[in-house]
Amino acid sequence: MNNTKIPMVEIFETVEGEGTRAGFPTVFVRLFGCNLRCSWCDTKYSYPPEEAESVMTIDEIVEQVRTYRSTHVCLTGGEPLLYGEKSAALIEALLDIERLTDLHIETNGAIDLTMFMDRIHSPKVRYIMDYKLPDSGESDAMIVSNFAKLRKQDELKFVIGSDRDFEEAVRILEEYPTEALPMFSPVWETMPPAKLVQRMLDHGLSHVKLNMQLHKIIWDPAMRGV
Ligand code: SF4
């Protein structure tokens, strides 16, 4: 029994929209609360002044995830690691679901991963860590010591809104070595994907993967729960 309570936004099943597992049916577990306020955030409903949709116990969250069939689970937010020990306990409880083959955790780069890496050793767990570039307004909050902790199965995502962001992402990758797969995502409104691709080719970034958000192609970009 785990009656630890966590503020929640939603749990739903759809296809993963980005990263190396894009296109796989996935259960999304979205926690409420975030320690950042990125300028281009598309989930502003996941932190104050909005309110949590509900408060669920870890057992209730796991029970609901069990009702779906996808073997991939995405823990997201807001910032899903905001609750420290409670977030770690939720990850451990989700790993008890027998059918689960992949649990990826979307974290915002402003949470120290040390405790989670030390405590959770399942090869099913993968961190998808954002590095917030200058256009986000949150680059000062980035914990660069996380770079050396990320492993081969992890992903390092840069959301790129301008040439300034692009240059900074290239610089950061040179300065802080990591085993994680670097991915560049365009902010559609200000960095057309074709322009980002050209920049990547011009810089010879053959170790970087272009990351497009499938759900923006499939559904209305503003639609929730898809
Ligand atoms: S970290 Fe994510 S959820 Fe938090 S403000 Fe930035 S984009 Fe939004």
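Every value quoted in this text rests on a predicted model; they were computed, and no experiment measured them.

Colleague: Would you mind showing me how to read the pattern of salt bridges here?
Modeller: Side chains that differ in sign of charge can pair as their charged atoms come close. A complete count under the given rule lists 15 salt bridges for this structure. A salt bridge links Asp-102 to Arg-21, with the nearest nitrogen and oxygen atoms 3.4 Å apart. You can see Asp-102 sitting in strand E5 (residues 102-107) and its partner Arg-21 sitting in the loop between strand E1 (5-15) and strand E2 (25-31), a full 81 residues away along the chain. Since its relative accessible area comes to 2%, Asp-102 is described here as buried. With a relative accessible area of 27%, Arg-21 lands in the partly exposed category. Of the charged contacts in the structure, one is a salt bridge between Glu-98 and Arg-66, with a shortest N-O distance of 3.4 Å. With Glu-98 in the loop between helix H2 (85-95) and E5 and Arg-66 in helix H1 (residues 58-66), this residue pair connects regions lying 32 residues apart in the sequence. When its relative accessible area of 64% is taken as the criterion, Glu-98 is described as exposed.

Colleague: Looking at this structure, I do not really get the packing of aromatic side chains. What am I missing?
Modeller: Centre-to-centre distance and the angle between the planes together describe a pair of aromatic rings. In the structure shown here, the tally under the stated rule is six aromatic pairs. Residues Phe-158 and Phe-184 carry aromatic rings whose centres are separated by 5.6 Å and whose planes lie at 75 degrees to one another, so their mutual orientation is edge-to-face. With a gap of 26 residues between them, Phe-158 in strand E7 (residues 155-160) and Phe-184 in strand E8 (residues 181-186) connect regions that are remote in the sequence. Here the two residues Phe-158 and Phe-184 agree in accessibility, since each one is buried. Centroid distance Phe-166 to Phe-184: 5.7 Å. Interplanar angle 85 degrees. Geometry classified as edge-to-face. Taken together, the positions of Phe-166 in helix H4 (residues 163-175) and Phe-184 in strand E8 put the pair 18 residues apart, joining distant regions of the chain. Relative accessible area serves as the criterion here: at 0%, Phe-166 is assigned to the buried category.

Colleague: What's the story with unusual backbone geometry in this structure? I'm lost.
Modeller: Most peptide bonds adopt trans geometry, and most residues besides glycine take a negative phi value. For the bond from Pro-48 to Pro-49, the omega torsion is 10 degrees, close enough to zero to count as cis. Its location among the elements puts Pro-49 in the loop between E2 and strand E3 (54-57). In this structure, the amide linkage connecting Gly-77 to the following residue, Gly-78, adopts the cis form with an omega of 15 degrees. Checked against the element boundaries, Gly-78 lands in the loop between strand E4 (72-76) and H2.

Colleague: Would you explain the sheet that holds E3 in this entry?
Modeller: Within a sheet, each strand pairs with its neighbour through backbone hydrogen bonds, oriented either parallel or antiparallel. Strand order in the open sheet formed by nine strands is E3-E1-E2-E4-E5-E6-E7-E8-E9, with mixed pairing between adjacent strands. Each of the sheet's edge strands pairs with one partner strand only, and the pair in question is E3 and strand E9 (209-210). Inspection of the sheet shows E1 paired to E3 by four bridges, in the antiparallel sense. Residue pairing across strands places Pro-7 opposite Val-55, the latter belonging to E3. Packed on one face of the sheet, H1 meets E1, E2, E3 and E4 and runs near 90 degrees to E3. In the packing of H2 onto the sheet, contacts are made with E1, E2, E4, E5 and strand E6 (125-131), and the angle to E5 comes to roughly 160 degrees.

Colleague: In this structure, what is going on with the pairing of E4? I would like to understand it.
Modeller: The side chains of a regular strand alternate between both faces of the sheet. Burial analysis of E4 places five of its five residues in the buried class, which makes it a mostly covered element. Direction of pairing for E4 relative to E5: parallel, over a ladder of four bridges. Note on E5: the bridge partner recorded for Val-73 is Leu-103.

Colleague: Even after reading the chapter, I still don't get the site of the ligand, so can you show me in this structure?
Modeller: Taken together, the residues surrounding the ligand are Cys-34, Leu-36, Arg-37, Cys-38, Trp-40, Cys-41, Thr-43, Tyr-47, Gly-78, Asn-108 and Lys-132. Residues of the shell around the ligand, tallied by class, amount to six nonpolar, three polar and two charged.

Colleague: Would you explain H2 in this entry?
Modeller: Note on helix geometry: an α-helix contains 3.6 residues per turn, so any two residues three or four positions apart are oriented the same way. Taking burial as the measure, the 11 residues of H2 include eight buried ones, the bulk of the element. If you check which residues of H2 are buried, you get Ser-87, Ala-88, Ala-89, Leu-90, Ile-91, Ala-93, Leu-94 and Leu-95.

Colleague: Help me understand the side chain of Glu-138, please; the structure alone is not making it clear to me.
Modeller: Here Glu-138 lies in the loop between E6 and E7. As a buried residue without a salt bridge, Glu-138 has its nearest oppositely charged side chain in Arg-37, at a separation of 6.7 Å. The contacts of Glu-138, once residues within four sequence positions are left out, are Leu-36, Arg-37, Cys-38 and Lys-132.

Quick notes on the rules
- Residues numbered from 1 in each chain as written.
- Predicted model: local features only at pLDDT ≥ 70, side-chain atom pairs only at ≥ 80, totals over all residues.
- Heavy atoms only, no water.
- Salt bridge = Lys/Arg side-chain N within 4 Å of Asp/Glu carboxyl O.
- Helix = DSSP H or I, 4+ residues; strand = E, 2+ residues; numbered from the N terminus.
- Buried < 20%, exposed > 50% of the residue type's maximum accessible area, 1.4 Å probe, protein only.
- Phe/Tyr/Trp six-rings, centres within 6.5 Å; stacked < 30°, edge-to-face > 60°.
- Pairing = 2+ DSSP bridges.
- Contact = heavy atoms within 4.5 Å.
- Axes fitted to C-alpha atoms, helices over the stretch in contact; angles between N-to-C directions.
- Near = heavy atom within 4 Å.
- Nonpolar A, V, L, I, M, F, W, Y, C, P; charged D, E, K, R; others polar.
- Lys, Arg positive; Asp, Glu negative; His and termini not counted.

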